[in-house]
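Listed here are the chains, written in short residue letters.
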Amino acid sequence: VPLKPTNSGLEGHVTSEAQCIWRLSAVKNRTGLSRSAIYEGVARGTFPPPIRLGRRSVGWLSDEVQNWIAERVAATRTTPSDSAR
């Protein structure tokens, strides 16, 4: 279940009402990736990094993960002639 961001720690930042913070289980369910694949992507810079929620908890901004998914879909829908342009 996504958590709505609170203002604590987000002062001065604009967030959309639809943006939520997803914990690891939600990110795994939505992407189909394993925990290790997610953290490997973060380390390589190919997956959005998590944000710190507490001393021992992190989450991902839903908008960033959804954009990553959309980019993967767009990349797989590109035809060879499209990439040659």
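Residues numbered from 1 in each chain as written. Predicted model: local features only at pLDDT ≥ 70, side-chain atom pairs only at ≥ 80, totals over all residues. Heavy atoms only, no water.

Undergrad: Explain the side chain of Thr31 residue by residue, including any values.
TA: Position of Thr31 relative to the elements: it lies in helix α1 (residues 24–31). In terms of polar contacts, Thr31 uses its side chain to reach the backbone carbonyl oxygen of Val27, at 2.8 Å. Looking at Thr31, its side chain comes within polar contact range of the main-chain nitrogen of Leu33, at 3.1 Å. Not counting residues within four places of it along the chain, the set of residues in contact with Thr31 comprises Ile38, Phe47, Val65, Trp68 and Ile69. (Helix = DSSP H or I, 4+ residues; strand = E, 2+ residues; numbered from the N terminus. Polar contact = N/O pair within 3.5 Å; in protein donor to acceptor, adjacent residues only side chain to side chain. Contact = heavy atoms within 4.5 Å.)

Undergrad: Hey, could you go over the pairing of strand β3 (residues 58–61) for me, with residue numbers and the actual values?
TA: The pairing of strand β1 (residues 21–22) with β3 spans 2 bridges and is antiparallel. From the neighbouring strand, Ile21 faces β3, where its bridge partner is Leu61. As judged from the 2 bridges shared by strand β2 (residues 51–52) and β3, these two strands associate in the antiparallel manner. The residue of β3 that forms the bridge with Arg52 is Val58. With antiparallel pairing between neighbouring strands as the criterion, β2 and β3 make up a hairpin whose turn holds 5 residues. (Pairing = 2+ DSSP bridges.)

Undergrad: Residues and numbers for the sheet that holds β3, please.
TA: Pairing in this open sheet of 3 strands is antiparallel, and the strands run β1-β3-β2 from one edge to the other. Only two strands of the sheet have a single neighbouring strand rather than two, namely β1 and β2. Lying on the sheet, helix α3 (residues 62–76) is in contact with β1 and β3; it crosses β3 at an angle near 60°. (Axes fitted to C-alpha atoms, helices over the stretch in contact; angles between N-to-C directions.)

Undergrad: Which residues make up the confidence of the model for the protein chain, and what are the values?
TA: Predicted confidence across the protein chain gives a mean pLDDT of 84, with 72% of residues reaching 70 or more. This stretch, residues 1–14, has a pLDDT under 50; its non-local contacts, to residues over four places away or in other chains, come to 13 contacts. (pLDDT = per-residue confidence, 0-100.)

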